[in-house]
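# Architecture and fold: a report
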Amino acid sequence: MKDYKEIFDQRKNDSRYNTSYPLSPADWAQFRTQGALPFPDEDISFYIHIPFCEHLCAFCEYTRTVCPDELVQESYLKALDADVSSFMSSNCRKHRLRGFDIGGGTPTCMSDRCFWQLMQVFKETCDWMDLSDDFEPSIEGTFQTLTETKLRLFADSGIRRLSVGMQSSDETVLRCGGRKNLSLKD
């Protein structure tokens, strides 16, 4: 199994793998600062990116990969948890949390056990911070990857908004985009 750093170093300047703006880490050079970024005493929102998908859609421009085995999922979640914890311990006591979106990719394509771990990161973050009165977390999923366990896990965590990303009900459009063709009944 390749190390994430090795994969990143191989792909970071290759536009086939990096479709976000700016396209290359070199494009960020003008924005570099020394030390930690200051965060004003304002409400903040989090976005957590889970780059795993059941299959890759032709239209998607986000950084994503076909959902790997559970060991790779766990490795990604450990790194995510460490990053969130580091940020939280140095920045977040003075902020209120207004939003928390978990997207990707398709977070619900992870194994039930790894999805539980993701919900723990979410809950620990929310427990650490004050929540704004209009706090509304959300998560992305697909009909094909939702299970009763995952639905229960995110509902129990307080997430009440699920985005299922329906782009079209036209089978021709779906086929062109590389989407699996679910019937409208599904």
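Residues numbered from 1 in each chain as written. Predicted model: local features only at pLDDT ≥ 70, side-chain atom pairs only at ≥ 80, totals over all residues. Heavy atoms only, no water.

## A look at the overall build of the protein chain
When you go through the protein chain residue by residue, the secondary structure sums to 5 helices and 6 strands. Within the protein chain, the fraction of its 186 residues that count as buried is 34%. Split by element, the accessible area of the protein chain, about 11,800 Å² in all, is 52% carbon and sulfur. (Helix = DSSP H or I, 4+ residues; strand = E, 2+ residues; numbered from the N terminus. Buried < 20%, exposed > 50% of the residue type's maximum accessible area, 1.4 Å probe, protein only. Areas by Shrake-Rupley, 256 points an atom, 1.4 Å probe, with all protein chains shown as cover.)

## A word on the pattern of salt bridges
Enumeration according to the criterion identifies 7 salt bridges in this entry. Across the pair D43 and R98 runs a salt bridge, and its minimum N-O distance is 2.6 Å. Linking D43 in the loop between α1 (4–11) and β1 (44–50) with R98 in strand β4 (residues 96–104), this pair joins segments that are 55 residues apart in sequence. Classification of D43 as partly exposed rests on a relative accessible area of 25%. (Salt bridge = Lys/Arg side-chain N within 4 Å of Asp/Glu carboxyl O.)

## A short note on the sheet that holds strand β6 (residues 161–163)
Pairing within the open sheet is parallel, and its 4 strands lie in the order β1-β4-β5-β6. Looking at the sheet topology across the chains shown, the edges are occupied by β1 and β6. Here the average twist between neighbouring strands, direction ignored, is 15 degrees. Taken together, the 6 bridges between β4 and strand β5 (residues 130–140) define a ladder with parallel strand orientation. Within the sheet, the bridge partner assigned to D101 lies in β5 and is S138. Strand contacts of helix α3 (residues 112–128): β1, β4 and β5, with the helix running at about 165 degrees to β5, the strand carrying the most contacts. (Pairing = 2+ DSSP bridges. Axes fitted to C-alpha atoms, helices over the stretch in contact; angles between N-to-C directions. Contact = heavy atoms within 4.5 Å.)

## Details of the environment of P107
On the secondary structure map, P107 appears in the loop between β4 and α3. Each C-alpha atom, one on P107 and one on E140, is 6.4 Å from the other, the two residues being 33 residues apart in sequence. Discounting residues that sit within four places of it in the chain, P107 has contacts with I50, F52, I102, F115, L118, I139 and E140.

## Considering the state of the cysteines
What the rule picks out here adds up to 0 disulfides. No disulfide involves C109; its nearest neighbouring cysteine sulfur is the one of C67, lying 3.5 Å away. (Disulfide = S-S within 2.5 Å.)

## Some remarks on the environment of T147
In this fold, T147 is placed in the loop between β5 and α4 (148–157). Judged by its relative accessible area of 28%, T147 falls in the partly exposed class. Within polar-contact distance, the side chain of T147 engages the side chain of D112 at 3.3 Å. A polar contact of 3.1 Å, which involves the side chain of T147, links it to the backbone nitrogen of K150. (Polar contact = N/O pair within 3.5 Å; in protein donor to acceptor, adjacent residues only side chain to side chain.)

## Focus: the pairing of β4
Summarising the sheet, β1 and β4 pair through 7 bridges and their orientation is parallel. Of the residues in β4, the one forming a bridge with S45 is G99. As for the winding sense of the linkage, the β-α-β connection from β4 through α3 to β5 is right-handed. (Right-handed = clockwise from strand over helix to strand, strands pointing away.)

## Description of the packing of aromatic side chains
Taken as a whole and judged by the stated rule, the model has 4 aromatic pairs. With a centroid separation of 5.3 Å and 65 degrees between ring planes, the pair formed by F52 and Y76 is classed as edge-to-face. Of this pair, F52 sits in strand β2 (residues 52–53) while Y76 sits in helix α2 (residues 70–91); the two residues are 24 residues apart in sequence, bridging distant segments of the chain. Take F52 and Y76: they sit in the same class, and that class is buried. Consider the rings of F100 and F122, whose centres lie 4.8 Å apart with planes at 90 degrees: the pair is edge-to-face. Placement of F100 in strand β4 and of F122 in helix α3 is noted, with a sequence separation of 22 residues between them. (Phe/Tyr/Trp six-rings, centres within 6.5 Å; stacked < 30°, edge-to-face > 60°.)

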